[in-house]
Amino acid sequence: MTTHVATDEKNYLQEGHTLASWLLTKDHKRIAVLYLISVSFFFFVGSIAAMMVRLELTSPRGTLMSNETYNKAFSAHGVVMVFFFLVVAIPAIFGNFLIPMQIGARDLAFPRLNLLSWYFYMAGGIMFLIAMMSGGVDAGWTFYTPMSSIYSNGQITLALVGAFVVGFSSIFTGVNFIATIHKMRAPGMTWWRLPLFVWGHYATSLIVILGTPVVAITLLLVVFERVAKIGIFSPELGGDPVLFQHMFWFYSHPAVYIMVLPGMAVISEIMACFSRNKVFGYHFVALSSLGIAALSFIVWGHHMFVSSQSMYQGIFFSFTSFLVAVPSAIKVFNWSLTMYKGSVWLASPMIYALGFLGLFTVGGMTGLYLASVGTDVHVTGTYFVVAHFHYVMVGGTLLAFLGALHFWWPKFFGRMYPEGVAKWNALLVFIGFNLTFLPQFVVGWLGMPRRYHYYYFAPEFQVYHVMSTLGASALAVSLIVPAFYLTYSLFKGPKSPPNPWAARGLEWEAAASPPIKHNFHGVPVVVGDVYDYDAEAEELALRGMTKEEA
Amino acid sequence: MISLKKMNQPQDTVYEQFEDLAQQQETYVLGMWSFLVTEVMFFGVMFMSYIVYRWKYQPYFYALHKELDWRIGGINTAILLASSFSVALAVHYHQKKKKMNVLMCLGFTNLCAISFIVIKLLFEYIPKWNHGHYPGPGFSWDNPYVPSHIAQLWFSLYFGTTGLHGLHVLIGVILFSVLMYLIAVDHPSISDYLPTEMLGLYWHFVDIVWIFLYPLYYLMPK
Amino acid sequence: MSEHAHEHSHHITPISTLVKTLLLLGVLMVTTIAWAQIAPSALKDVPPALASLINNLIAMGIAFIKAVAVIMIFMGVKYQSSIVKLYAALGFLWFTLMFIMFADYGTRHWEAVRGWTPGVKQMAMPRADEPYEEGMPPRKDIKIPDEHH
């Protein structure tokens, strides 16, 4: 790898300052920044809805809003967070920016398609915002029929079309990543030299192209059912509403891995860099991503244990769901062992990664409760489920997102943020998160149903809900703080060196921070192994010694 | 002056993100195929719904399939097969850079696609609509042996599946027209045969959907 | 990147191959239509379940061969790299995973509990001696005359 970096050259941020130079750009890095801005906006919208839900639940009698408003609030929270934040955030921002850089390419394979995917994302997002403003959606993010097709009022149709359009945005990104990873790797960048970030995104893209069309057409059929009066899921016509659930979860369970695999991909990078160690069992971590992608398609029925699906199918899905724990556990164990005999550096990205490790493990272990049919029947539709998937989705994906944001911020914008504040903030995220969702495990196990806006039948639950709301407030603060110090660092932060973390990988070693328009000068040639950190030498160097002296 | 005889284009442009033409062409073909994977899954849902309900309501579905005329469907099958052939031929001529032949083949394909839609509308959709054979409150049904609501379910599947397929044909007509125009005026974006090949892949896929759709809906085995 | 760039000129499928494929597709189309017309009389004495199986196998088998011919020759997958072949097969393979849902529809009627409402046996996949819905005859008793129209 060459480390030749000319400093007087224009970086990608300086290649034009007009609005058109951003809105019509084909540069994958600029599109990533467009996504960063828009995804942050939708995250903000989803958080507001979450705060409405949490505030309502501080009182057992549901005094703040009517049940319908409450339904709209949690539906808005679910739809925005799933379709406009979790599925999109890490692939479209960091994948977009980093995949070409990590494999040594000048751009993604199809830059115009990449830009188009951002416009589809915005179009879908705006449709959903309009739907929310002009009546709202009260069917939850799952849009189960016949609730969504027959009974629900409000702007379901527009919201579904929005979700359909945003699905195409993910498909375009997935197609782009697959073609890029297969065909655009630099000389010497073999599959076993690919960073795990790329492996994770490859597995994610496979799920996207195999799953997203299924949910897209299923949601479209519900639209047809509402608008054109055809009725494929309609029990009135002899149709089976559970077929909708089958089709929906055929995508939406794999979609859980669309949300978390990119997060795992980020964690692999951070763990290696801040342990100064090669990722333990690199090959297993890489293949476990593909294993998760494949297995994720044969477990969907565990969302339907209490629907009218046959219990024999339930047994099958219960068994396969336990299998998914294997590749997930491989990853968790290997990350932990990456730190072993490493030289752990507790910088802010690493604190987020450690938080991920703990929270994802709790989320995964409680998933086993839900995978076994008997226990699941007891806790289905309670706050136990809510806590479980928030541990995976927020504790997993959101923490990985924040970790990635801090890790690659200098690469994106060439500026450093105040590290001290960032560290304390990372700790606050961890504490706020646990305060929010740990009580929900308890209250869910005791029987608090999800999607209820009151619980006057069990006022003793109030203490858990108040704890949860307090935690959510702390979490809200810990998400607002980075918005300030990161924006501040954009203008006033100290200039970052090209590789502030002394990290390995083409994006750090062969490119400037921020990179030039074509990423590299010429085509980088890869000769070394991936993650060739030397923890021992670095530990010795801290004591002022070299290996020979020791 | 635009010549129709030979391709008068900047030969084989390689876009800036690629190293050479071979890499660019392989990437485009792989990208198109991964997009077609999504299309397969897309139609897969429609076929799966059909399979589930046909398994459940086989005797009724068998009676209902007689509502469709296999002759009309057969003509449309032949039309799509011919258009698939001519688009493969168009790729062949584009590789040999014979512009007039490419345009003729694409024109024939487009003609086939348009007649497919016209036949579908004139002989199937519009008569069915006029008979009230459209699911919804206005559904009129006079076959005492088949319950009205199951007939509506069947027509929902029929209109949903063939409608989505028809939408793909319509998109094909638009894309073929644009491609023919770009080739005719020697537009710089058509620098090699790949655009024709890409659109050809899409069109063959539309044909494949019909290859399965035709026997399932029009020739439904008892 | 050069490791992927094979120094071959792209394959041009000869017109004769395309014509032969078209002919094959035409013949298969005529076969499947012809079989659909003669099947009801040809399989009159075969048990209905077996006749249904034969008919479905023939119709879908022919469709499968047609699809393979289009994919291999018209779409040129035969002449492409193995990764393209893999992706060409991937969608069709993954579609078959959806058949897992028949583990649901196929076993619902085994369940001890038929439905929540006593006396109503509404279920997705009734057995031959059970009605589709309340008030309908059992599945095996449904007789629909062939020539209604």
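Here, every reference points to the structure presented above.
If you're wondering where the values come from, they're calculated on a predicted model, not measured in any experiment.

Cut-off values and rules
Residues numbered from 1 in each chain as written. Chains lettered and ligands numbered in written order. Predicted model: local features only at pLDDT ≥ 70, side-chain atom pairs only at ≥ 80, totals over all residues. Heavy atoms only, no water. Helix = DSSP H or I, 4+ residues; strand = E, 2+ residues; numbered from the N terminus. Rg over C-alpha atoms; globule rule 2.2 N^0.38 Å. Buried < 20%, exposed > 50% of the residue type's maximum accessible area, 1.4 Å probe, protein only. Contact = heavy atoms within 4.5 Å. Areas by Shrake-Rupley, 256 points an atom, 1.4 Å probe, with all protein chains shown as cover. Phe/Tyr/Trp six-rings, centres within 6.5 Å; stacked < 30°, edge-to-face > 60°. Lys NZ or Arg CZ within 6 Å of the ring centre and 35° of its normal. Buried area = accessible area lost by both parts, 1.4 Å probe. Salt bridge = Lys/Arg side-chain N within 4 Å of Asp/Glu carboxyl O. Core = buried A, V, L, I, M, F, W, Y, C linked by side-chain atoms within 4.5 Å. Expected span 1.5 Å × (residues − 1). Bend = angle between axes of the 7 residues up to and from the residue. Polar contact = N/O pair within 3.5 Å; in protein donor to acceptor, adjacent residues only side chain to side chain. Nonpolar A, V, L, I, M, F, W, Y, C, P; charged D, E, K, R; others polar. Patch = residues over 30% accessible without salt bridge, like charges linked within 9 Å, V, L, I, M, F, W, Y side chains within 5 Å.

Attention shifts here to the overall build of chain A. In terms of regular secondary structure, chain A is built from 18 helices and zero strands. Its C-alpha atoms give chain A a radius of gyration of 23 Å, within 12% of the compact-globule value 24 Å for 550 residues. Principal-axis analysis of the C-alpha atoms places the extent of chain A at approximately 75 × 45 × 45 Å. Counting only residues that meet the buried cut, chain A has 63% of its 550 residues in that class. Put simply, 82% of the contacts in chain A that link residues at least 6 apart link residues at least 24 apart. By element, 70% of the accessible surface of chain A is carried by carbon and sulfur atoms, the whole surface being about 19000 Å².

Turning our eyes to something else, we now look at the packing of aromatic side chains. Each aromatic ring pair is specified by the distance between its two centres and by the angle formed by the two planes. On inspection of all chains with the given rule, the structure shows 90 aromatic pairs over all chains. Seen in terms of ring centroids, Trp191(A) and Tyr202(A) are 5.5 Å apart; in terms of plane orientation they differ by 70°. Their pairing is edge-to-face. Here Trp191(A), found in the loop between helix H7 (156-183) and helix H8 (196-227), pairs with Tyr202(A), found in helix H8; they are 11 residues apart in sequence, far enough to count as distant. Between Phe43(B) and Phe205(B) the ring centres are 6.0 Å apart and the planes differ by 55°, which places this aromatic pair in the tilted class. Placement of the pair is Phe43(B) in helix H1 (residues 21-56) and Phe205(B) in helix H6 (residues 194-217), with a sequence separation of 162 residues. The ring of Trp22(A) carries Arg30(A) above its face, with NZ or CZ at 4.1 Å from the centroid.

In this complex, chain C contributes 21 residues to the contact, which on the side of chain A involves 34 residues. Approximately 2400 Å² of surface area, both sides summed, lies buried where chain C meets chain A, with 66% of it carried by carbon and sulfur atoms. The interface formed by chain C and chain A includes zero salt bridges. Broken down by secondary-structure element, the contributors of at least two residues to the side of chain C that touches chain A are helix H3 (82-97) and helix H4 (102-105) of chain C.

Once that is clear, we can look at the nonpolar core. Judged by nonpolar contacts, the single largest core of 295 residues is most densely connected at Phe94(A), Trp33(B) and Tyr87(C). Looking at this core element by element, the count peaks at 24 residues for helix H9 (residues 241-275) of chain A. Tyr70(A), Val443(A), Tyr455(A) and Ala458(A) belong to the second largest nonpolar core, which has 13 residues in total.

Turning our eyes to something else, we now look at helix H3 (residues 67-86) of chain A. Residues and elements named next belong to chain A. Here H3 spans 27 Å end to end across 20 residues, near enough to the 28 Å set by a 1.5 Å rise per residue. Maximum bend of H3: about 25°, positioned at Val-80. With 15 of 20 residues buried, H3 lies mostly within the body of the structure.

Now for the interface of chain C and chain B. On the chain B side, the residues contacting the 67 residues of chain C number 68 residues. At the boundary of chain C with chain B, total buried surface from both sides reaches about 5800 Å², with 75% on carbon and sulfur atoms. Here chain C is connected to chain B by zero salt bridges. Along the contact surface separating chain C from chain B lie five residue pairs in polar contact (both at pLDDT 80 or more). When its residues are assigned to classes, the side of chain C that touches chain B shows 45 nonpolar, 17 polar and five charged.

A surface patch of nonpolar side chains, about 530 Å² in accessible area, is lined by Ile114(B), Val118(B), Leu121(B), Leu122(B), Phe123(B) and Ile126(B). Assignment of secondary structure puts Phe123(B) in helix H4 (residues 99-130).

On to unusual backbone geometry. Residue and element names in this part refer to chain A. Note that the residue after Thr-145, namely Pro-146, is joined by a cis bond; omega there is -5°. Between Ser-513 and the following residue, Pro-514, the backbone shows a cis peptide bond with an omega angle of -10°. Mapped onto the secondary structure, Pro-514 falls in the loop between helix H17 (506-509) and helix H18 (535-542). Positioned with a positive phi, Phe-143 is a non-glycine residue whose angle comes to about 50°.

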